[in-house]
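Structural description and commentary
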Amino acid sequence: MRPGAAASRGGAASRTGGVASRTAGEERALTSVAAGDRYEGEEPADQPRLWHVTLSVSGGEAPLKEVRRGLEQLAHDHPFLLTSRYANDHAEIRYWEEARDLHDAAAVALRLWGEHRQTAKLPPWEIVGLEVIDRETYHQRIAEGYGPLPATPVGVHPF
């Protein structure tokens, strides 16, 4: 959801027959469970864990210096960012996210670009790809010789 957007539309969405109905263009509030919170009956194994996130964005061409500066500002504001690669019309951001489950990690990732576009002066690009995998899957891929290589060197780099 955009910063400042209302979390609820005052009952505009109603439940009928177990299916939510919304009007065209209406935003739906994202909800999550705070780290450490559990639903009734959940085992302690459902505690927060690490997820490897790869977020891909693209759009109209922007000056390379501005793209780099924006990604560097994003990394400065949010030091959890592991690495970013960029060109004048697309970028890829990779990082580790701590979350209770994949849904929470993906929700945070899908908000990252839009919520920080103005403060980091990022290009007005859209998210075109998202991969969220658990730590075990990430390390299994590396061990088997496929998947994204560990991000080295860490930082902001051109493609």
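Here, every reference points to the structure presented above.
Read on for an overview of the structure. These numbers come from a predicted model, not from an experiment.

The rules behind the values
- Residues numbered from 1 in each chain as written.
- Predicted model: local features only at pLDDT ≥ 70, side-chain atom pairs only at ≥ 80, totals over all residues.
- Heavy atoms only, no water.
- Phe/Tyr/Trp six-rings, centres within 6.5 Å; stacked < 30°, edge-to-face > 60°.
- Helix = DSSP H or I, 4+ residues; strand = E, 2+ residues; numbered from the N terminus.
- Buried < 20%, exposed > 50% of the residue type's maximum accessible area, 1.4 Å probe, protein only.
- Pairing = 2+ DSSP bridges.
- Axes fitted to C-alpha atoms, helices over the stretch in contact; angles between N-to-C directions.
- Contact = heavy atoms within 4.5 Å.
- Salt bridge = Lys/Arg side-chain N within 4 Å of Asp/Glu carboxyl O.

Now for the packing of aromatic side chains. Going through the model one piece at a time under the given rule, you end up with 2 aromatic pairs. Where Trp113 meets Trp125, the ring centres are 6.1 Å apart and the plane angle is 5 degrees; that geometry is what we call stacked. Placement of Trp113 in helix α2 (residues 102-116) and of Trp125 in the loop between α2 and β6 (126-134) is noted, with a sequence separation of 12 residues between them. On the accessibility criterion, Trp113 (2% relative accessible area) is buried.

What follows covers the sheet that holds strand β5 (residues 90-99). With respect to topology, 5 strands assemble into an open sheet ordered β6-β3-β5-β4-β7, the strand pairing being mixed. If you trace the sheet from one side to the other, it starts and ends with β6 and β7 (155-158), each paired once. The sheet shows a mean angle of 15 degrees between the axes of neighbouring strands, taken without regard to direction. In the sheet, strand β4 (residues 81-86) pairs with β5 via 5 bridges, with the strands oriented antiparallel. Looking at the pairing, Ser84 lines up with Ile93 of β5. Across the sheet, helix α1 (residues 64-77) lies against β4, β5 and β7, angled at about 170 degrees from β4, the strand it touches most.

All right, on to the pattern of salt bridges then. Inspection of the entire model under this criterion finds 6 salt bridges. Residue Asp101 is joined to Arg100 by a salt bridge in which the shortest nitrogen-to-oxygen separation is 3.0 Å. On the basis of relative accessible area, Asp101 is assigned to the buried category, the value being 17%. A single salt-bridge network, built from bridges that share partners, covers Arg100, Asp101 and Asp104.

Looking now at unusual backbone geometry. For residues other than glycine, phi is negative in most cases, and the peptide bonds are mostly trans. Located in the positive-phi region is Lys121, a residue other than glycine, with phi close to 55 degrees. With respect to the helices, strands and loops of the structure, Lys121 is situated in the loop between α2 and β6. We classify Lys121 as exposed; its relative accessible area is 59%.

None of the figures reported here should be taken as evidence of function without further support.
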